[in-house]
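# Residue-level structure breakdown
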Amino acid sequence: MRRRFAATIILVVAVLSTLVATAGAAVPRDATAPPDPTAAIDALALPDVDTVVKLECEGSVDDSGDGHVGCRWRLGDSLVRPQHEIVKWQLWNIQLKPTQGHRNLVAELRPEQTAYRDHEVEAPAAYLYAVLGLDARGEIVARSRPDLAVVAARPEREVLRLA
């Protein structure tokens, strides 16, 4: 648990350092630049609806180096509720780094399922996720704001050599 926390802190510091160092300057897109989600948000093609879903996604890497993104969501605290009952959730993503990908339907889930673990991700990579709530007619009645999930590189293991 401490290693995961330390790795997360190191990643956050690295991203923040890059943002601070490049504030106000034109920076070429390369492997060290933070992802620009603007085009990806447009590619997700999220509809305008009044009901907001709160979405939280977090990337991780297991000891074997496989990446995962865990997402969970709930209807927001706003006074606006869907006019029709949500009968299905759709979880979408788009890869931002190392290259921008296409919009992908990750999962379609029953209304009582409000969490999902995506195993089809690369490490290292960055993804943008969004969740949509659909009614019985298949119309979108609720949606989240996009949420960024970073899947870090597999941590290097220390190897002790006996002399």
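Computed from a predicted model, the values in this text were never measured in an experiment.

### Section: the overall build of the protein chain
Scanning the protein chain from N- to C-terminus turns up two helices and eight strands. Sequence-ordered secondary structure for the protein chain, helices as α and strands as β, is α-α-β-β-β-β-β-β-β-β. Residues classed as buried in the protein chain amount to 31% of the 163 residues present. Sequence separation of at least 24 residues holds for 65% of the intrachain contacts in the protein chain that already meet a minimum separation of 6. Accessible area for the protein chain stands at about 11,000 Å²; split by element, carbon and sulfur atoms hold 54% of it.

### Re the packing of aromatic side chains
Here the structure, examined in full by the defined rule, presents two aromatic pairs. Here the aromatic rings of tryptophan 73 and tryptophan 89 are separated by 6.0 Å at their centres, their planes lie at 70 degrees, and the arrangement is edge-to-face. A residue pair is termed long-range when its members are at least 10 positions apart, and tryptophan 73 in strand β2 (residues 67–75) and tryptophan 89 in strand β3 (residues 88–97) qualify at 16 residues. Overall, the relative accessible area of 4% leaves tryptophan 89 in the buried class. Between tyrosine 127 and tyrosine 129 the ring centres are 6.3 Å apart and the planes differ by 50 degrees, which places this aromatic pair in the tilted class. The ring of tryptophan 92 carries the charged tip of arginine 103 above its face, separated from the ring centre by 4.1 Å.

### Considerations on the pairing of β2
In this sheet, β2 lies alongside strand β1 (residues 52–61) in antiparallel orientation, the contact comprising nine bridges. Across the sheet, residue glutamate 58 finds its bridge partner in β2, namely glycine 70. Of the pairings in the sheet, the one linking β2 to strand β5 (residues 115–121) comprises five bridges and is antiparallel in character. Bridge pairing in β5 links glycine 70 to arginine 117.

### Quick look at the nonpolar core
Counting residues in each nonpolar core, the largest one holds 21 residues, and the members touching the most others are Val69, Cys71, Trp73 and Tyr129. Here this core gets four residues from one element, more than from any other, and that element is strand β6 (residues 125–134). Core analysis: the next-biggest nonpolar cluster, separate from the first, contains eleven residues, Leu46, Ile94, Ala126 and Leu134 among them.

### Focus on the pattern of salt bridges
Considering all chains together, one arrives at five salt bridges under this definition. We note a salt bridge from lysine 88 to glutamate 108, for which the minimum N-O separation is 3.5 Å. Separated by 20 residues along the polypeptide, lysine 88 in strand β3 and glutamate 108 in strand β4 (residues 104–109) bring together distant segments of the chain. Relative accessible area serves as the criterion here: at 44%, glutamate 108 is assigned to the partly exposed category. One connected set of salt bridges, linked through shared partners, spans Asp135, Arg137 and Glu139.

### A look at the confidence of the model for the protein chain
For the protein chain, per-residue confidence averages 76 on the pLDDT scale, and 67% of positions sit at 70 or higher. Here helix α1 (residues 2–21) stands out as the element of the protein chain with the lowest mean pLDDT, 35, in contrast to β5, whose mean of 97 is the highest. Under a pLDDT of 50 for its full length, residues 1–33 has, in the predicted model, 16 contacts with residues more than four places off or in other chains.

### A short note on the side chain of aspartate 118
By secondary structure assignment, the location of aspartate 118 is in strand β5. A polar contact is formed between the side chain of aspartate 118 and the backbone nitrogen of glutamate 120, at a distance of 2.9 Å. At 2.7 Å, the side chain of aspartate 118 and the side chain of tyrosine 129 are in polar contact. Setting aside its immediate chain neighbours within four residues, aspartate 118 contacts Gly67, His68, Val69, Asn93, Val106 and Tyr129.

Calculation rules
Residues numbered from 1 in each chain as written. Predicted model: local features only at pLDDT ≥ 70, side-chain atom pairs only at ≥ 80, totals over all residues. Heavy atoms only, no water. Helix = DSSP H or I, 4+ residues; strand = E, 2+ residues; numbered from the N terminus. Buried < 20%, exposed > 50% of the residue type's maximum accessible area, 1.4 Å probe, protein only. Contact = heavy atoms within 4.5 Å. Areas by Shrake-Rupley, 256 points an atom, 1.4 Å probe, with all protein chains shown as cover. Phe/Tyr/Trp six-rings, centres within 6.5 Å; stacked < 30°, edge-to-face > 60°. Lys NZ or Arg CZ within 6 Å of the ring centre and 35° of its normal. Pairing = 2+ DSSP bridges. Core = buried A, V, L, I, M, F, W, Y, C linked by side-chain atoms within 4.5 Å. Salt bridge = Lys/Arg side-chain N within 4 Å of Asp/Glu carboxyl O. pLDDT = per-residue confidence, 0-100. Polar contact = N/O pair within 3.5 Å; in protein donor to acceptor, adjacent residues only side chain to side chain.

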